[in-house]
Structure formats: structure tokens, C-alpha cells
Amino acid sequence: MPRPTRAELDAEIVEAAAELFTTQGYRGTSVQEIADRVGYSKTGLLHRFPSKERLLAATLIGPLTEFAALRATWSALPDGPERHRRASADLVDLALRHRSPLALLFNSGLPVLPGALAGVEGMGDLGDHRTETLAAFADADDLAGTIRAQLAVTGLVSTVAARQDVPDDVLRTPLLHAFRAACGISAHAVPNEGSAC
């Protein structure tokens, strides 16, 4: 059997860290627990990832990079119903692809994330991620719309994190309908959106 590559070993560590951070919270998870989960010594794990903050960043960098690319796509679209429908479908699909890591942004880890990730290359400002996401669903000066969007985004991420046992293809349509209803987005079909509402 071939020996795992460095990338495969790192991916195994990151996956274990993401699972533990999601189930126990960032503060409630120790580096030793992560090392034990993957069969490494704490020293060996810290050689690959020098701190718990780096492990947290590694669990989030992929989804956040994809998230930033989607937001750039949304901001290039004219504001209005088509943009809202496109952004809602994209966000639901992103949440389903990255259930555990995205749950960290909105659940128990949220208060520690800005401090834990400050200065970690590639992470940017998490406040910007939230602000720019909400802007895809409501104007900045529309307080009621922004509140609806914030509740919808938080609910979306919490729901996909809590419904790990429900397959994506079963969860997607009702989730998209509920998200759009919460945001006040019309459910008219959008070209190239597949079977979504």
C-alpha cells in the first residue's frame, strides 16, 4: 500500500479538526484531541500546523475562498430579483458542500474566529464575508431586509449543520424555498438553475 502524501496527511488532520471544532466548538477542542483523532503526537501535529489557529484557518480557507468568488460573481450582477435568486441558489449549494466548516462561521465558534484568525494569511476579515453576503439579499439601508437576510443566512447554515443525516439532493429544494421565503425573495425560476425553485 503506498504511503500517504503530505497533502493527504494534512487533509486528514484538517478533516479531524473541522469535525471536532464543529461538534465541540473551537474553544472546547484541544490540539491533543485532534492529534489523538488522527494518531499523531501533539508535537508531530504542531510540526505540520504550528497552532490551533492555523488548524482553524485550514478548515475554513477552502470554503471562504469559494465564498469570496461567489460574492464577486453576485456583485457583478445588477441588483434586483435575478441577483437575489442567483445568490440564494449559490449560497444554499455552497452551504451543502461545506456543512461543517461553514457552521463554524455562524455557530459557537463565531465570537472567537476574528481573534483566532487575525493575521492568518488568506483569511481576510470575517466581518466582510458576512456584510458582503447580506448585501446580496438586501440594501445596506434596508434594516428590515438586512435583518431578514441575517436570520435567513444564520438559519441556513445552522440547518445544514444540524441535518448532516439528510442527503443534499433531498435537503436542497426545501432549504432553498425556505431560505428565499425568509429573505422575501420571489420564487420564480431562473434560467440554468436546474430543479431549484
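Cut-offs used in this document
- Residues numbered from 1 in each chain as written.
- Predicted model: local features only at pLDDT ≥ 70, side-chain atom pairs only at ≥ 80, totals over all residues.
- Heavy atoms only, no water.
- Core = buried A, V, L, I, M, F, W, Y, C linked by side-chain atoms within 4.5 Å.
- Buried < 20%, exposed > 50% of the residue type's maximum accessible area, 1.4 Å probe, protein only.
- Contact = heavy atoms within 4.5 Å.
- Phe/Tyr/Trp six-rings, centres within 6.5 Å; stacked < 30°, edge-to-face > 60°.
- Helix = DSSP H or I, 4+ residues; strand = E, 2+ residues; numbered from the N terminus.
- Lys NZ or Arg CZ within 6 Å of the ring centre and 35° of its normal.

(A) Structural detail: the nonpolar core. Judged by nonpolar contacts, the single largest core of 42 residues is most densely connected at Ile34, Leu45, Leu55, Leu91, Phe137, Leu156 and Phe179. Apart from the residues lying within four places of it in its own chain, the contact partners of isoleucine 34 are Ile13, Ala17, Leu20, Phe21, Thr29, Leu45 and Leu55.

(B) Quick look at the packing of aromatic side chains. According to the stated counting rule, one finds three aromatic pairs in the structure shown. Pairing phenylalanine 137 with phenylalanine 179 gives two aromatic rings, centres 5.2 Å apart and planes at 80 degrees, and the pair type is edge-to-face. Highlighted residues: phenylalanine 137 in the loop between helix 8 (126-135) and helix 9 (143-162) and phenylalanine 179 in helix 10 (residues 168-183), separated in sequence by 42 residues. A single burial state applies to phenylalanine 137 and to phenylalanine 179, both of which are buried. Each member of the aromatic cluster is reached from another via a ring pair, and the members are Trp74, Phe137 and Phe179. Note that lysine 52 overlies the ring of tyrosine 26, its terminal NZ or CZ placed 4.4 Å from the centroid.

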